[in-house]
Amino acid sequence: MLFRSVFFYFFHKQKEVSRVTFLSVSLQGLRGRIFRTTSLVLALTVIIGAFFSDVLLKKSIENTITTGIGRIGADLVIVPQAGKDKIKPIILNGAPSFFFMDAGIAGRVKSMVGVAAVSPQVYFHPLSYLVCCTTENFLVVGYDPVTDFTVAPWIKYTTKDGLKEDDMVVGKMVKLYPGQQISLYGAVLNVAASLEETGIGFFDNSAFVPIATAKRLLQGLAEKQKQGGLRTREIANDLSYTHIFASRQEDTNTVEEIDPNKISALLVKLKPGVNLKAFSERLRQRLPGLAVVNMRASTRAVKEQLTSMVDAFLLPVIIMLLMGVVILSVVFLMGNRERQREIGIMRALGARPVDIGRLIMYDSLVISMIGGVFGILFGGAIMLIFKEHIMTALDMRYIWPGPATITVVLLTTLAVSLTVGILSGLYPAWRASHMEPYQAVRNG
């Protein structure tokens, strides 16, 4: 109701006012001091916009991580010790990696009480330092179509019938397109489809093949290594040529460690009601030498780390909000001095002290409401324009929160903006309400 009245007053000319209200008097005063009103609105727009974008970014990070782990669908991931620190970048970003472990653990884990499903995966990537191979830098995921509960539903939805032996499905960020072919480890694979963007690096920055195809490719690579070795690029000693090569020296020893019969990770899904922490400890005791990654705990750790970075920017925003309260209070106090004659006449005509205070509070609330609305638009524009740069700096993809979360953020931001207006108007309203009518008219 208040917003509608403000909008109507500012954007529609009225030939006559049939009824004088405190709101109309307040709007008339603000309109008569258009430069001051505009300056205050712009200041609040920047402050509220910063608050809105900070809170929205925090919620987006939480949503991205939670959604990503939810799409993976695994409670635990078992990897070799060499892959313990690599599995999080793989899940969040699709970071290319090489590590392997014995495939026999799948049966041992499957037989444990409380396990609902297990599925092996193989991770590898085109080796950019190998002359024989392609130079694309993305994660290749070999999955088991029979036991998989993570990748298979997305693949089947995209290709209808699943993948054939020489087919590959790529994520949205991989620069390959359906109908193209790619030479990988001496074999030619057909790009069958491209997945819709999910916001999760594991899906968006990866290519997927059946695990049998992955093992065949690794077998060919291992045989080539045994027969005559793989030619590698020379490391540039002249720093002026380093832009031609990888940003860091890559580990060529991983090629010799490849065993086509091994797997990179085992995804484990537990039955409802199973204690995740206790089961993780049982797995560590049963599988010495391997790392058991609790996906939920890892999610919390990554979420806390990233949100703490965003929270660090919230302190300056809070300081700006407090400064906004002080600045608005000072401006309204100055306005009281300019409006002394007006206030004195209103008191002389019968206006009560509470009516004068209400008039000042209307001024404050109208400015804070308009500043809040424009602040939300400003903060939303910042997120739309710079979200890719922000998430690149955080090294993760971006998923917008759901409508319910965005609504909560919007309402919270408006509440904060109106709170700034109320706090900044309280003291000026009190001072104005205590003016003596005669003295106010005389000073004015």
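The rules behind each value
Residues numbered from 1 in each chain as written. Predicted model: local features only at pLDDT ≥ 70, side-chain atom pairs only at ≥ 80, totals over all residues. Heavy atoms only, no water. Helix = DSSP H or I, 4+ residues; strand = E, 2+ residues; numbered from the N terminus. Buried < 20%, exposed > 50% of the residue type's maximum accessible area, 1.4 Å probe, protein only. Contact = heavy atoms within 4.5 Å. Areas by Shrake-Rupley, 256 points an atom, 1.4 Å probe, with all protein chains shown as cover. Arc of directions from axis to C-beta. Lys, Arg positive; Asp, Glu negative; His and termini not counted. Salt bridge = Lys/Arg side-chain N within 4 Å of Asp/Glu carboxyl O. Pairing = 2+ DSSP bridges. Axes fitted to C-alpha atoms, helices over the stretch in contact; angles between N-to-C directions. Patch = residues over 30% accessible without salt bridge, like charges linked within 9 Å, V, L, I, M, F, W, Y side chains within 5 Å. Core = buried A, V, L, I, M, F, W, Y, C linked by side-chain atoms within 4.5 Å. Phe/Tyr/Trp six-rings, centres within 6.5 Å; stacked < 30°, edge-to-face > 60°. pLDDT = per-residue confidence, 0-100.

Let us now look at the overall build of the protein. Helices and strands together make up the secondary structure of the protein, namely 14 helices and 9 strands. Of all 444 residues assigned to the protein, the portion counted as buried reaches 47%. Within the protein, contacts between residues separated by at least 24 positions form 79% of all contacts whose residues are at least 6 apart in sequence. Here the protein displays about 23300 Å² of accessible surface, and carbon together with sulfur accounts for 59% of that area.

Looking at helix α9 (residues 276–286), one finds that the buried residues are Leu276, Phe279, Ser280 and Leu283. Projected onto a plane normal to the axis of α9, the buried residues spread over an arc of 105° and lie on a single side. Of the exposed residues in α9, the ones pointing more than 90 degrees away from its buried face are Lys277 and Gln285.

So, on to the side chain of Ser364. Mapping Ser364 onto the fold places it in helix α12 (residues 353–393). With residues up to four places along the chain from it excluded, the contact list for Ser364 reads Phe332, Gly421, Ile422, Ser424 and Gly425.

A separate point is the side chain of Asp144. Note that Asp144 resides in the loop between β3 (139–143) and α6 (152–159). Buried charge Asp144 goes without a salt bridge, the closest partner of opposite sign being Lys215 at 8.1 Å. Ignoring anything within four residues of it in the chain, the contact list for Asp144 reads Ser119, Pro120 and Ile211.

Before going further, it helps to spend a moment on the sheet that holds strand β9 (residues 290–294). Here 9 strands make up an open sheet; going across it, the order is β5-β6-β4-β7-β3-β2-β8-β1-β9 and the pairing mixed. The strands lining the two open edges of the sheet, one partner per strand, are β5 (181–184) and β9. Averaged over all pairs of adjacent strands, the angle between strand axes in this sheet comes to 30°, irrespective of strand direction.

So, about a nonpolar patch on the surface. Taken together, the side chains of Leu315, Ile319, Met323 and Ile327 make up a nonpolar region of the molecular surface, amounting to roughly 390 Å² of accessible area. Within the secondary structure layout, Met323 lies in helix α10 (residues 295–338).

Our focus in this paragraph is the nonpolar core. Counting residues in hydrophobic clusters, the biggest one holds 42 residues, and the most contacted among them are Ile78, Val109, Phe124, Leu266, Val268 and Leu283. The greatest single-element share of this core, amounting to 5 residues, is contributed by helix α8 (residues 211–228). If sequence neighbours within four positions are ignored, Ile78 has contacts with Met101, Ile105, Val109, Ser264, Ala265, Leu266, Val268, Leu283, Leu287, Leu290, Ala291 and Val292. In terms of nonpolar packing, the next biggest core, distinct from the first, is built from 30 residues, Leu139, Val141, Val151 and Ala291 among them.

Before going further, it helps to examine the packing of aromatic side chains. Each aromatic ring pair is summarised here by two numbers: the centre-to-centre distance and the angle between the ring planes. Here the structure, examined in full by the defined rule, presents 3 aromatic pairs. With a centroid separation of 6.0 Å and an interplanar angle of 75°, the aromatic rings of Phe99 and Tyr123 are classed as edge-to-face. Here the residue Phe99 occupies a position in the loop between α4 (87–93) and α5 (105–110), and Tyr123 occupies one in strand β2 (residues 115–124), the gap between them amounting to 24 residues. For the pair Phe99 and Tyr123, one class covers both residues: buried. Taking the centre distance of 6.1 Å and the plane angle of 20° together, the rings of Tyr427 and Trp430 count as stacked. With Tyr427 and Trp430 both in helix α13 (residues 403–433), this residue pair falls 3 residues apart, about one helical turn. The exposure class of Tyr427 is partly exposed, given its relative accessible area of 42%.

Moving on: the pairing of β5. Burial along β5 is one-sided: Ile182 and Leu184 are buried, while Gln181 and Ser183, pointing the other way, are not. As paired strands, β5 and strand β6 (residues 187–194) are joined by 4 bridges and run antiparallel to one another. Each bridged residue has a counterpart across the sheet, and for Gln181 the counterpart in β6 is Asn190. Where β5 folds back on β6, the antiparallel hairpin that results is connected by 2 residues, among which Tyr185 adopts a positive phi of roughly 55°.

In this section: the pattern of salt bridges. All chains considered together, the criterion is met by 3 salt bridges. Arg216 serves as the salt-bridge partner of Glu165, at 3.4 Å between the closest nitrogen and oxygen. Taken as a pair, Glu165 in the loop between α6 and β4 (167–170) and Arg216 in helix α8 lie far apart in primary sequence, 51 residues in all. Residue Arg216 is classed as partly exposed on the basis of its relative accessible area, which comes to 33%. The residue Asp166 makes a salt bridge to Arg216 at a minimum N-O spacing of 2.6 Å. Of this pair, Asp166 sits in the loop between α6 and β4 while Arg216 sits in helix α8, placing them 50 residues apart in sequence. A relative accessible area of 31% means that Asp166 is categorised as partly exposed.

Predicted confidence across the protein gives a mean pLDDT of 75, with 69% of residues reaching 70 or more. At the low end of the mean pLDDT range in the protein sits helix α1 (residues 2–11), at 47; at the high end sits β2, at 90. In this model residues 6–18 is a low-confidence stretch, pLDDT under 50, and it forms 13 contacts with partners more than four residues away in sequence or in other chains.

We now examine the pairing of strand β8 (residues 265–270). With 5 of its 6 residues buried, β8 lies for the most part within the structure. For strand β1 (residues 76–80) and β8, the ladder comprises 3 bridges, and the chain directions are antiparallel. By the bridge assignment for β8, Leu76 is matched with Val268.

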